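Each chain, written out:
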Amino acid sequence: MTPMISGLDAPESHQRQAELVPLEKLRTTPITIVGVGAIGRQVATQLAVIGAERVQLIDPDVVEEVNRGSQGYRPDQLGENKCSAMLSDALRINPTNRWRATYGRFTRDVAYDTVVLSCVDNMRSRSFMHNCLKDHEGYFGDVRMGPENIRVLCAYSPESWEHYRQHLYSDEEARPARCT
């Protein structure tokens, strides 16, 4: 059995997070991020910085000029698939990672990991993911962002999945706001 790396043994770039997320667990836990836009790109960047090595990115979209301000993509990434652009950035941050990409939408057939993070921008996708993952035995996190708030919902047990289900509604019921 490999000993866990303590906060004192972790590289300096991970010192502040080491007590919350042990580096060895971060390096070995497979994580899927669905949506690599404003939220997903930031989540992916932070995971690369603190040492996550097994991450799958799922997104069908390409980088457009309108994405640059809120999502942080560079001009040379215009027209590139968002997953591909994020993969190259993650490798520049952490050359030892083993990240992969699914260039498309999350589907029932997609192979997802122990940790699944929903960073999508609509309720329809969230509801679909709920239906696909409600029996998932890992950890599910859903990050929602509006102009003035951020909401994080998590599911990891039958009770928490039921609680999550109660926070799903239609896109028409959602507060209209521009992607920020």
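Just above, that's the structure.
A.B. asks: Hey, could you run me through the packing of aromatic side chains in this one?
C.D. replies: Each aromatic ring pair is specified by the distance between its two centres and by the angle formed by the two planes. Applying the stated criterion across every chain yields a total of 5 aromatic pairs. For the pair Phe106 and Phe128, a centre-to-centre distance of 6.4 Å together with 80° between the ring planes defines the contact as edge-to-face. With a gap of 22 residues between them, Phe106 in the loop between strand S3 (100-102) and strand S4 (115-118) and Phe128 in helix H5 (residues 123-133) connect regions that are remote in the sequence. What makes Phe106 buried here is its relative accessible area of 8%. Classification of Phe128 as partly exposed rests on a relative accessible area of 30%. Arranged with centres 5.2 Å apart and planes meeting at 80°, the rings of Phe140 and Tyr164 form a pair that is edge-to-face.

A.B. asks: Explanation requested: the environment of Gln46 in the structure shown.
C.D. replies: Tracing the sequence through the fold places Gln46 in helix H2 (residues 38-50). Given the relative accessible area of 47%, Gln46 is considered partly exposed. Separated by 44 residues in the primary sequence, Gln46 and Ala90 place their C-alpha atoms 9.3 Å from one another.

A.B. asks: Mind showing me how you'd approach the side chain of Lys82 here?
C.D. replies: By secondary structure assignment, the location of Lys82 is in helix H4 (residues 82-93). Among buried charged residues, Lys82 stands out as having no salt bridge; its nearest opposite-charge side chain is Asp61, 4.2 Å away. If we ignore the near neighbours within four places in the chain, the residues touching Lys82 are Val36, Gly37, Asp59, Asp61, Val62, Val63, Asn67, Gln71 and Tyr73.

The rules behind the values
- Residues numbered from 1 in each chain as written.
- Predicted model: local features only at pLDDT ≥ 70, side-chain atom pairs only at ≥ 80, totals over all residues.
- Heavy atoms only, no water.
- Phe/Tyr/Trp six-rings, centres within 6.5 Å; stacked < 30°, edge-to-face > 60°.
- Helix = DSSP H or I, 4+ residues; strand = E, 2+ residues; numbered from the N terminus.
- Buried < 20%, exposed > 50% of the residue type's maximum accessible area, 1.4 Å probe, protein only.
- Lys, Arg positive; Asp, Glu negative; His and termini not counted.
- Salt bridge = Lys/Arg side-chain N within 4 Å of Asp/Glu carboxyl O.
- Contact = heavy atoms within 4.5 Å.

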